[in-house]
Structure formats: structure tokens, C-alpha cells
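So you can see what is in the structure, the chains are spelled out below.
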Amino acid sequence: MSEIRITPSILNADLTKIDSEIAKIAQVSDLLHLDIMDNKFVPNQTWNFESAHKIISNSPIPVDAHLMIADPDIQARRYAEIGCRSVTVHFEACENVSIVLKSIRSAGARSALALKPKTDFAVLKSYREQLDMILIMTVEPGFGGQKFMVEMMDKVRKSREFIGDADIWLQVDGGISIETIEIAREAGADTFVAGSAVFKASDPADMVLQLRKLAAGK
């Protein structure tokens, strides 16, 4: 199994102090998960491209951009071009998945495809050669703090089998906490988005370390 990656989401951080909130977890986290929502694809709005660019430019750790937007075919490459390490688009939002994934890679970022809970795992099968990461949503996208959907673990297991020995990360996002991260790891996930669990903790950095230890089976 591949290495463990913990990617805290600042969706549930104190957004009036973004730089200091990121600093709390920068030394112990692998990437910063940045949720971009446009109030079209999902019923919530976070950052537009300009405000996201500022966060990405100032972040002391690489950024994993999760685009929950209606026009990823146009926007995804832009996030790769401004320095994101990884850019995730939703299968359900893309007009041409292959072209979007190729555009992300060609701009220098890892290409990732996300599936909402009701989207069948089988849609991934056409894109194996174009993927650097698969994201299985373990909540409905749009809001932080939702309950972990354990029924998504079957999709995670299928994704792990599908990946085989390819260099493709397998990420889970939604309700990841000290109570659920081992369940997701046992199903095959190796990259974990944690928002509320980290930033609502009294010591966010220590929580990241706890999550990493649990995910590593220690």
C-alpha cells in the first residue's frame, strides 16, 4: 500500500485568519485541501479564482484544489497554472473529462477526478491512464461537518482494486475523523481530507498527527 497523506481542508477553519490557520497545520500536513465552490454545482460558495490564487500563492505547503464548480472545463487548467500540486474536478460537472484531466497534467499539476456518492464507480474505467488521483466523496459535496457515509467504502474498495499498482492516489473527503479514518484506510484509501476534525480541535497540528498515526495502523 502507498504512503499516507493527510490534507486538511480549511473550509471549517477561521476564515478571518486564513494564514494563521494554515500555519497551525503546515509543519505536519502533506497538502492543503482548498474547496472551491461556486453556488452552482453545489449550494454553497467559497472562493473565486482571485481569492483562491492569493491563498495558493501564500500557502507554505502545496495546495490540493477541489473544484466543486459548474465550469471545470474552463477553470481547471487555471488552477494548475497558478501552482496547485493537485487539481480535482467532478465527473458530474465536466463536459469532456478526458480533455480536462489532460489539461491539468499539461499545466504541471496532478489530475484528479471526484465522484459524488450517487455516481457509480464504473464511470472511472475510461480514465485510468489520465488519472493521478481518485476522490471518493464520503458526504454530499457542498458543506463541511457532515456525517461520514460508511456505505461509500464499497466504492473505495472497488477503486483500490481498479488502481492496482498504478501511481494513483485514492482520496476520501467527508466526515474523516479519529472515529472514521481507520475504516477508510482499511477500505483502501491513502489520502485523507479532514476539515472539522482538524480545525475544530483544540490543537489542530496534534489532530493531524493523531489521524496520520491511525491511518498508518499504529
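Residues numbered from 1 in each chain as written. Predicted model: local features only at pLDDT ≥ 70, side-chain atom pairs only at ≥ 80, totals over all residues. Heavy atoms only, no water.

## So, the sheet that holds strand S2 (residues 32-37)
Logical step 1: Taken together, the eight strands give an open sheet; going across it, the order is S1-S8-S7-S6-S5-S4-S3-S2, and neighbouring strands pair in parallel fashion. The outermost strands of the open sheet, each flanked by one partner alone, are strand S1 (5-8) and S2. Neighbour to neighbour, the strand axes of the sheet diverge by 25° on average, direction disregarded.
Logical step 2: Looking at chain direction, strand S5 (residues 110-115) and strand S6 (residues 133-137) are connected through four bridges and run parallel. Bridge pairing in S6 links Leu113 to Ile134.
Logical step 3: Sitting on the sheet, helix H4 (residues 97-106) touches strand S4 (86-90) and S5, and the angle it makes with S5 is about 145°. (Pairing = 2+ DSSP bridges. Helix = DSSP H or I, 4+ residues; strand = E, 2+ residues; numbered from the N terminus. Axes fitted to C-alpha atoms, helices over the stretch in contact; angles between N-to-C directions. Contact = heavy atoms within 4.5 Å.)

## Observations concerning the packing of aromatic side chains
Logical step 1: Counted under the stated rule, the structure contains two aromatic pairs.
Logical step 2: Aromatic side chains Phe49 and Tyr79 sit 5.2 Å apart centroid to centroid with 80° between the ring planes, which places their arrangement in the edge-to-face category. Placement of the pair is Phe49 in helix H2 (residues 49-58) and Tyr79 in helix H3 (residues 72-81), with a sequence separation of 30 residues.
Logical step 3: Overall, the relative accessible area of 14% leaves Phe49 in the buried class. (Phe/Tyr/Trp six-rings, centres within 6.5 Å; stacked < 30°, edge-to-face > 60°. Buried < 20%, exposed > 50% of the residue type's maximum accessible area, 1.4 Å probe, protein only.)

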